[in-house]
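Reading the structure
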Amino acid sequence: MTLLLAGDIGGTKTILRLVDASDSLDLQTICEETYRSGDFPDLVPLVQQFLSKANTPTPQKACFAIAGPVVDNTAKLTNLTWFLDTDRLKQELGIDSMSLINDFAAVGYGIFGLSKKDLLTLQVGKHKLEAPIGVIGAGTGLGQGFLIKQGNYYQVFPSEGGHADFAPRSELEFQLLKYLLDKHDIQRVSVERVVSGQGIVAIYQFLRDRKISGESPEIAQVVRTWEQEAGQPEKSVDPGAAIGMAALQGSDRLCVQTLQLFVDIYGAEAGNLALKLLPYGGLYIAGGIAPKIQTLLQNGSFLLNFSQKGRMRSILEDIPVHIILNQQVGLIGAALRAARL
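All values reported here derive from a predicted model rather than from experimental measurement.

**Thoughts on the sheet that holds strand β5 (residues 70-71)**
Pairing in this open sheet of three strands is antiparallel, and the strands run β5-β6-β7 from one edge to the other. Only two strands of the sheet have a single partner each, and these edge strands are β5 and β7 (83-85). Of the pairings in the sheet, the one linking β5 to strand β6 (residues 74-76) comprises two bridges and is antiparallel in character. Counted as the bridge partner of Val-70 is Ala-75 from β6.

Below is the structure:
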């Protein structure tokens, strides 16, 4: 038995999975547990507790996907005091081979562990085997990355593309840009500030304050509570989720307009990434938001804005576009990365 340890390490929760990799083409999950990260002073005691409960030999290899940048095999987690160093972790856990990777890089590796039921294809396109693969995903932030084929494997490259400038295209989007510049007294607006969970709320506030549509009492209460809790480490409400649900149900006009504008801008940014990469190997829409609003992404406006790039339109219409439905893609990717160590 070849044992691998895969982890998805976040500031709020940590998921660990023990995998049997005896068959390199079929990784079998032995056990999996989810922990509150804040209950532990470091990753080591958390892993030790997990392995003790699993009651198996020490894994030969491990890969941990980290919610934050990984530099020279070290990582400092957001919202935690943990400082992770590969050499220290290997020594204290007794694991011979180990890797720390960015959580969005893990999504890239995880693509190759997905089945057809884990994907929703928005555009079939014209797949090219040797071409790059692109990944974009809105969630807490906006992750972007790409994969290049090298021999029999793909090398995954994360990027900070979500921090590129937001590029408005219509009068309404220019007003949104000006609103965010004034509201936050800042010199520039990143696309992540618009295409993310916080972006959904920002668009809602913009449309509300411009009185484009009236608020419903229910959503207004959620948003006001969230605004009053600004600066607190934990919030009692999730306005992005509430706005999204109301939009999907069609029960709140302001929420419907909010999600429509969000989807339009999301599609345009996905198209920007596709122009830079020409990912005929596929553009994958990851992150926590897309599966929840998949019906809105299928209604046509996402792909319309994706391909609306003037004379480049025909190029973008040939790029395969898929939504990743499996929210454990990062954990799958960590396991696949561990298998390659």
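**Focus on the sheet that holds strand β2 (residues 13-20)**
If you walk across this open sheet you meet the five strands as β3-β2-β1-β4-β8, and the pairing is mixed. For this open sheet the edge positions go to β3 (28-36) and β8 (97-102), each flanked by a neighbour on one side alone. Sheet twist, expressed as the average angle between the axes of neighbouring strands with direction ignored, equals 15°. Bridge count between β2 and β3: eight bridges; the pairing is antiparallel. Bridging from a neighbouring strand, Val-19 pairs with Thr-29 of β3. Those strands touched by helix α3 (residues 103-110) are β4 (61-66) and β8, and its axis lies near 105° from that of β8.

**Let's talk about the pattern of salt bridges**
Enumeration according to the criterion identifies 15 salt bridges in this entry. A salt bridge links Asp-182 to Lys-178, with the nearest nitrogen and oxygen atoms 2.7 Å apart. Of this pair, Asp-182 and Lys-178 both sit in helix α4 (residues 171-184), separated by four residues, roughly a single helical turn. For Lys-178, a relative accessible area of 46% corresponds to the partly exposed category. The salt bridge involving Glu-215 is made with Arg-224; its shortest N-O contact spans 3.0 Å. Three or more residues are tied together by salt bridges with common partners; here these are Asp-42, Arg-88 and Glu-92.

**Some details on the nonpolar core**
Ranked by size, the top nonpolar core spans 53 residues in total, and within it Leu-176, Phe-262, Ile-285, Phe-302 and Phe-306 carry the most contacts. In terms of residue count, helix α8 (residues 253-277) provides more of this core than any other element does, 12 residues in total. Ignoring any residue separated from it by four or fewer positions in sequence, one finds Phe-306 in contact with Gln-123, Gly-267, Ala-268, Ala-270, Gly-271, Ala-274, Leu-283, Leu-316, Ile-319 and Val-321. The next biggest cluster of nonpolar side chains, apart from the first, holds 29 residues, and it includes Val-107, Ile-111, Val-329 and Ala-338.

Criteria and cut-off values
Residues numbered from 1 in each chain as written. Predicted model: local features only at pLDDT ≥ 70, side-chain atom pairs only at ≥ 80, totals over all residues. Heavy atoms only, no water. Pairing = 2+ DSSP bridges. Helix = DSSP H or I, 4+ residues; strand = E, 2+ residues; numbered from the N terminus. Axes fitted to C-alpha atoms, helices over the stretch in contact; angles between N-to-C directions. Contact = heavy atoms within 4.5 Å. Salt bridge = Lys/Arg side-chain N within 4 Å of Asp/Glu carboxyl O. Buried < 20%, exposed > 50% of the residue type's maximum accessible area, 1.4 Å probe, protein only. Core = buried A, V, L, I, M, F, W, Y, C linked by side-chain atoms within 4.5 Å.

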